[in-house]
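In case you want the letters, here they are:
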Amino acid sequence: MISVSEPNTVQQSPNNAAASPLAPEWLTLPEDVNALHSPMWAEGVRRNDDGELTVDGVPVSELKAQFGTPLFVMSEGDFRARARSFKDAFDAAFEDICGGVDVYYAGKSFLCTAVASWVAEEGLRLDTCSGGELAVAARAGIDGANLGLHGNNKSDAEINRALDMKLGRIVVDSLDELERVAKIASVRGETAKVMLRLTPGVHAHTHEFIATAHEDQKFGLSMAGDTTESAGLSAAEEAVAAATSYSNVELLGLHCHIGSQIFEPDGFALAAVKLLGFLAAMQTKYSIVLPELDLGGGYGIAYTPVDTPRPPAEIAQAMAAVVRSKCAELGITSPRISIEPGRAIVGTSTFTLYEVGTLKTVRVDAPVAAPVDAGGNQNVTFPRRYVSVDGGMSDNARPVLYDADYSAILASRTSDAAPQLSRVVGKHCESGDIVVRDVYLPEDVAAGDLLAVPGTGAYCWALSSNYNYLARPGVVAVRNGSARLIVRGETEEDLLNRDMGVANV
Ligand SMILES: *Cc1c(COP(=O)(O)O)cnc(C)c1O
């Protein structure tokens, strides 16, 4: 994504700062480096009269004083509002098609007992993908009927736990697992409620989707016709046939999940069309009814000013239109639809608060257009400022894992200084330890300032590590002008807790 070969159009900002040719093309010089681009921020986040960032009226300096940094700061109201907006928008769009939609919050994006309880209070269900996530759900008192269990390699213990908790659905990922679930249920003399995860050959990427006939990935049962030993049958159909034959398995329906951070509804729509066609064919061929269809998660959010997520209502209506017409074409009653948003509910609810430490500026070569009589293009160096913060890849692994882009602002104050192309980096022993690859921050950012990185609610705390023996940050929820810890940060004692000590060597 970084473009150093193409010079950017030089823009003039009010204070005459120029865009850096080192910046990627999508990153424009901000009109006002202090402004909050609202799609990236939680409801209730604004600057107060002193210019300090506040959440529901609580200033970041207070959060820093009380809880330290780095810190995940979540707006409870924002989380709840996004959860409700998915539920309401999809219910409204699908009301006349299948009586509404079951929305499963994807717990893997961020889960703790407080969040699980908010999910339940807002009328959503919860998706889990491990015994540990089931343990959180149990601790939060979530009814097993409102839980789903995913995973391509569920252990027997996890399957037993799901049956202990009387889970509403186990999403079976393979023929092998289907047989194990059936066997375990049979030994227990119980019936397992099962959905089959299919791979429809639709892969959504942020701005487009690709369709492939064959699947070469660990998840799911392929819908392609010639992928199994039994000639002609797809793995998906073999699983339907097997599930139908097991007396201890109740086959609820089909599931797919086509990707993540998707903005356009086309990919979801194509997957829905493929699964409905398959569902109708299976119902006829095996004389069964498959009452449920889960279209997965993956709805995108704004990490930077160029990300343009659609409101849930727009996606819901586009998907509903496709489900309605496909069911009519197939002459079937629509199955009950469910979806599994994770990032789109929790991602924007949270920002990470960091304290700035070491600063340095390097000069980097970039070709710039020069007058022909001066010899055409020539290399000139431009400054890039490295702004080190007190966390890094241990609290946000997404830039390292996925080259993910983020944004950042100076949170403890406003500044009139010129914007300077900056790179926010962590404190780990890795040069790839980048939090925000490219962002314009005021030139006068200094040690002790607080920075806020928005959109860190999903897959940041969840993926956090203790690399370099850093303590994982806590998570605070702010509501009605007060902040409370929902997950406390680790202490040095926590870090040493599992070390068995010299005496045991
Ligand atoms: C990860 C995942 C989700 C949630 O994805 P988001 O991008 O967070 O919405 C939903 N369903 C399944 C099966 C997943 O693996």
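Keep in mind that what you see is a predicted model, and the values were worked out from it rather than measured.

1. Some remarks on the site of the ligand
Part 1: Contacts to the ligand come from 14 residues, most closely from Lys-108, Ser-260, Glu-340, Arg-343 and Tyr-459.
Part 2: A distance of 2.8 Å is found between an oxygen atom of the ligand and a backbone nitrogen or oxygen belonging to Gly-298.
Part 3: In this structure, an oxygen atom belonging to the ligand sits 2.5 Å away from a side-chain N or O atom of Tyr-459.
Part 4: Considered on its own, the ligand offers 390 Å² of accessible surface; in the complex 92% of this is hidden by protein.
Part 5: Looking at the shell around the ligand residue by residue, the classes come out as three nonpolar, seven polar and four charged.

2. Concerning unusual backbone geometry
Backbone geometry follows two general trends: most residues other than glycine have a negative phi, and most peptide bonds adopt the trans configuration.
Part 1: In this structure, Pro-70 follows Thr-69 across a cis peptide bond, with omega equal to -5 degrees.
Part 2: Residue position: Pro-70 is located in the loop between α1 (60–67) and β4 (71–75).
Part 3: Even without a glycine there, the phi angle at Ser-287 is positive, about 50 degrees.
Part 4: Mapped onto the fold, Ser-287 is located in the loop between α8 (266–286) and β14 (292–294).
Part 5: A positive phi is found at Tyr-459, a non-glycine position, where the angle reads about 60 degrees.

3. A short note on the packing of helix α4 (residues 131–139) against helix α5 (residues 156–164)
Part 1: Close contact between α4 and α5 brings their axes to 10 Å; oriented N to C, the two are set at 25 degrees. When the interaxial angle is binned, α4 and α5 end up roughly parallel. Between α4 and α5 lies a crossing of left-handed hand. Taken together, the residues of α5 that come into contact with α4 (itself represented by Gly-131, Leu-134 and Ala-135) are Glu-158, Arg-161 and Ala-162.
Part 2: Grouping the constituent residues of the contact of α4 with α5 by class yields three nonpolar, one polar and two charged.

4. Let's talk about the UniProt feature "binding site: pyridoxal 5'-phosphate" (unreviewed entry) in the protein
Part 1: Here the UniProt-annotated "binding site: pyridoxal 5'-phosphate" (unreviewed entry) positions come out as Gly-298, Glu-340, Pro-341, Gly-342, Arg-343 and Tyr-459.
Part 2: Structurally, Pro-341 is set in the loop between β15 (336–339) and α10 (343–346).
Part 3: For Pro-341, a relative accessible area of 0% puts it in the buried group.
Part 4: Setting aside residues no more than four positions away along its own chain, Pro-341 makes contact with Phe-86, Val-103, Tyr-104, Tyr-105, Ala-106, Gly-297 and Tyr-299.
Part 5: Structurally, Tyr-459 can be placed in the loop between β21 (450–454) and β22 (474–479).
Part 6: Those residues in contact with Tyr-459 that sit more than four places away from it in its chain are Lys-108, Ser-109, Arg-343 and Arg-398.

Rules of the game
Residues numbered from 1 in each chain as written. Predicted model: local features only at pLDDT ≥ 70, side-chain atom pairs only at ≥ 80, totals over all residues. Heavy atoms only, no water. Near = heavy atom within 4 Å. Polar contact = N/O pair within 3.5 Å; in protein donor to acceptor, adjacent residues only side chain to side chain. Areas by Shrake-Rupley, 256 points an atom, 1.4 Å probe, with all protein chains shown as cover. Nonpolar A, V, L, I, M, F, W, Y, C, P; charged D, E, K, R; others polar. Helix = DSSP H or I, 4+ residues; strand = E, 2+ residues; numbered from the N terminus. Axes fitted to C-alpha atoms, helices over the stretch in contact; angles between N-to-C directions. Parallel < 35°, antiparallel > 145°, perpendicular 65-115°, else oblique. Left-handed = near helix turned anticlockwise from the far one by under 90°. Contact = heavy atoms within 4.5 Å. UniProt positions renumbered as here; feature names shortened; annotations may be inferred. Buried < 20%, exposed > 50% of the residue type's maximum accessible area, 1.4 Å probe, protein only.

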